[in-house]
Amino acid sequence: MLRIGQDLVRRGHQVRMLTGARFAGAARAAGLGFVPLPQSGAAEGQSASRPPHPVPMPCVLRRYLRGRADMRSLFITPLTTQHRALTAALAADDACADAVLVDVGFTGVLPLLLAAGPRPPVLVFGVVPLMLSSADTAPFGMARRPAPDPADYRAMTWVVHRLLFGGTQARVSRVLRELGVRKMPVFLSDWPRMADRLIQLTVPALEYPRRDLPNTVTFAGPVLPSPLPGPTLPGWWPQLAGRRVVHVTQGTWDNTDLGRLVTPAIRGLAGDDVLVVVSTGGRPVKADRKSV
């Protein structure tokens, strides 16, 4: 989002960035106006900080409970603070904003989309895989590839949205009613459908094909960083010459127990002539060092 704003400034636009205080310096260095977002408006995932559950449970149940908690902490808890900060920023503009640009995690724009009356166009940038429901794909977050033969996933989607995550959907609708707007007309992860445009920062080949993809979705390709002049390379950089490099991570979702993937991968590659680079997804580096 910072690079997108920087490019808009280069094209002659005035851009103000609403974000956390720790990004103030970066925003100003990019030539953007900085508007502080209170800490309670920051979307914080819980997986990296949550200790393992004291009671063993099936993997599917553990993933469901963690997914439900993360949806609430990422999309619902910061919504009210985000909305109030956005409303104040729009009201403080000397002239009416031409557009509001947000990423898919900024649900504070939902009341703006659901309220009656005029509003600036809202453009959502897809910085994660497409979350939109489809008859051709399993619900987002289930980690199921589409069936090789044509299949209809609408019944599965109904069960996930109405039964498994019905309480989550009711919670976000309550928050929206408290803010004076109508309840969610779509499932929470489908909210970018309501925007004027969803700009997905990838190419179609990296997404599951959807025959029912909304015509508001535009694939724009990746936003690449500008090359740094004469970068300072780390001391271990020469180790890469002529070697294979294996990157291991459990991602940002299911990374509470690094022994599920990281530790077995390190042990399995221990005898190979490869450089193993491990990222813990926010977990302390020492978390599983004793078992390796």
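Structure's up top.
Our subject in this report is the structure included herewith. The model shown is predicted, which means the values in this text are computed figures rather than measured ones.

## Brief notes about the packing of aromatic side chains
Under the definition given, this model contains three aromatic pairs. Consider the rings of Phe165 and Phe187, whose centres lie 6.4 Å apart with planes at 75°: the pair is edge-to-face. Note that Phe165 is positioned in the loop between helix H6 (154-164) and helix H7 (166-178) and Phe187 in the loop between H7 and strand S5 (197-200), a separation of 22 residues in sequence. The exposure class of Phe165 is buried, given its relative accessible area of 12%. Pairing Trp236 with Trp237 gives two aromatic rings, centres 6.1 Å apart and planes at 40°, and the pair type is tilted. Among the aromatic side chains, those forming a connected cluster through ring pairs are Tyr64, Phe165 and Phe187.

## Thoughts on the sheet that holds strand S4 (residues 122-126)
Taking strand neighbours across the sheet as the criterion, the four strands line up as S3-S4-S5-S6 in an open arrangement whose pairing is parallel. Taken across any chain shown, the strands that pair with only one partner, and hence form the sheet edges, are strand S3 (100-103) and strand S6 (217-219). Across this sheet, the average inter-strand angle for adjacent strands is 25°, counted without regard to direction.

## Details of the pattern of salt bridges
In this structure the tally under the stated criterion is seven salt bridges. Taking the shortest distance from any N to any O, the salt bridge between Arg211 and Asp136 comes out at 2.5 Å. Separated by 75 residues along the polypeptide, Arg211 in the loop between S5 and S6 and Asp136 in the loop between S4 and H6 bring together distant segments of the chain. Overall, the relative accessible area of 69% leaves Arg211 in the exposed class. Look at Asp136 and you get buried, because its relative accessible area is 11%.

## What to know about the nonpolar core
Nonpolar side chains tend toward joint burial in soluble globular proteins. Val109, Leu110, Val122, Val124, Leu176, Met184 and Trp191 are the most contacted members of the largest nonpolar core, which totals 38 residues. Going through the elements one at a time, helix H3 (59-76), helix H4 (79-92), S3, helix H5 (110-114), S4 and H7 are the ones with two or more residues in this core. Trp191 has contacts with Val102, Asp103, Val104, Phe106, Thr107, Val109, Leu110, Leu113, Val124, Met184 and Val186, leaving out every residue within four places of it along the chain. Counting seven residues, the second largest nonpolar core, distinct from the first, contains Val15, Met17, Ala24 and Ala27.

## Thoughts on the environment of Leu176
Among the structural elements, Leu176 can be located in helix H7. Relative accessible area serves as the criterion here: at 0%, Leu176 is assigned to the buried category. Sequence-wise, Leu176 and Thr80 are 96 residues apart; in three dimensions their C-alpha atoms are separated by 8.4 Å.

## Re H4
Between its first and last C-alpha, H4 extends 20 Å over 14 residues, near the 20 Å set by a 1.5 Å rise per residue. For H4, every residue scored as buried is listed here: Leu79, Thr81, Gln82, His83, Ala85, Leu86 and Ala89. Those residues of H4 hidden inside the fold are in contact with strand S1 (16-19), strand S2 (33-36), H3, S3, H5 and H7.

Calculation rules
- Each residue is numbered by its place in its chain's sequence as written, counting from 1.
- Reporting in this predicted model follows two pLDDT cut-offs: at least 70 for local features of residues, and 80 or more for side-chain atom pairs to be given and counted; totals over whole chains, interfaces and linings ignore these cut-offs and use all residues.
- To get the side-chain values, take all heavy atoms of the structure and skip hydrogens and water.
- A pair of Phe, Tyr and Trp rings is counted when the ring centres sit within 6.5 Å of each other, with Trp represented by its six-membered ring. The angle between the planes then sorts it: under 30 degrees is stacked, over 60 is edge-to-face, the rest tilted.
- Helix and strand definitions follow DSSP, with helices as H or I runs of at least four residues and strands as E runs of at least two, each counted in order from the N terminus.
- Relative accessibility decides the category of a residue: with a 1.4 Å probe and only protein chains considered, values under 20% of the type maximum give buried, values over 50% give exposed, and everything between is partly exposed.
- Should DSSP find at least two bridges between two strands, the strands are taken to pair.
- Under this scheme, a helix contributes an axis fitted over its contacting stretch, all axes are lines through C-alpha atoms, and angles between N-to-C directions fall in the 0 to 180 degree range.
- Put simply, a salt bridge is a Lys or Arg side-chain nitrogen that is within 4 Å of an Asp or Glu carboxyl oxygen.
- Put simply, buried Ala, Val, Leu, Ile, Met, Phe, Trp, Tyr and Cys residues joined by side-chain atoms within 4.5 Å make one nonpolar core.
- Contacts are residue-level and defined by heavy atoms, with any inter-residue pair within 4.5 Å sufficient.
- For a helix, the expected span equals 1.5 Å multiplied by the number of residues minus one.

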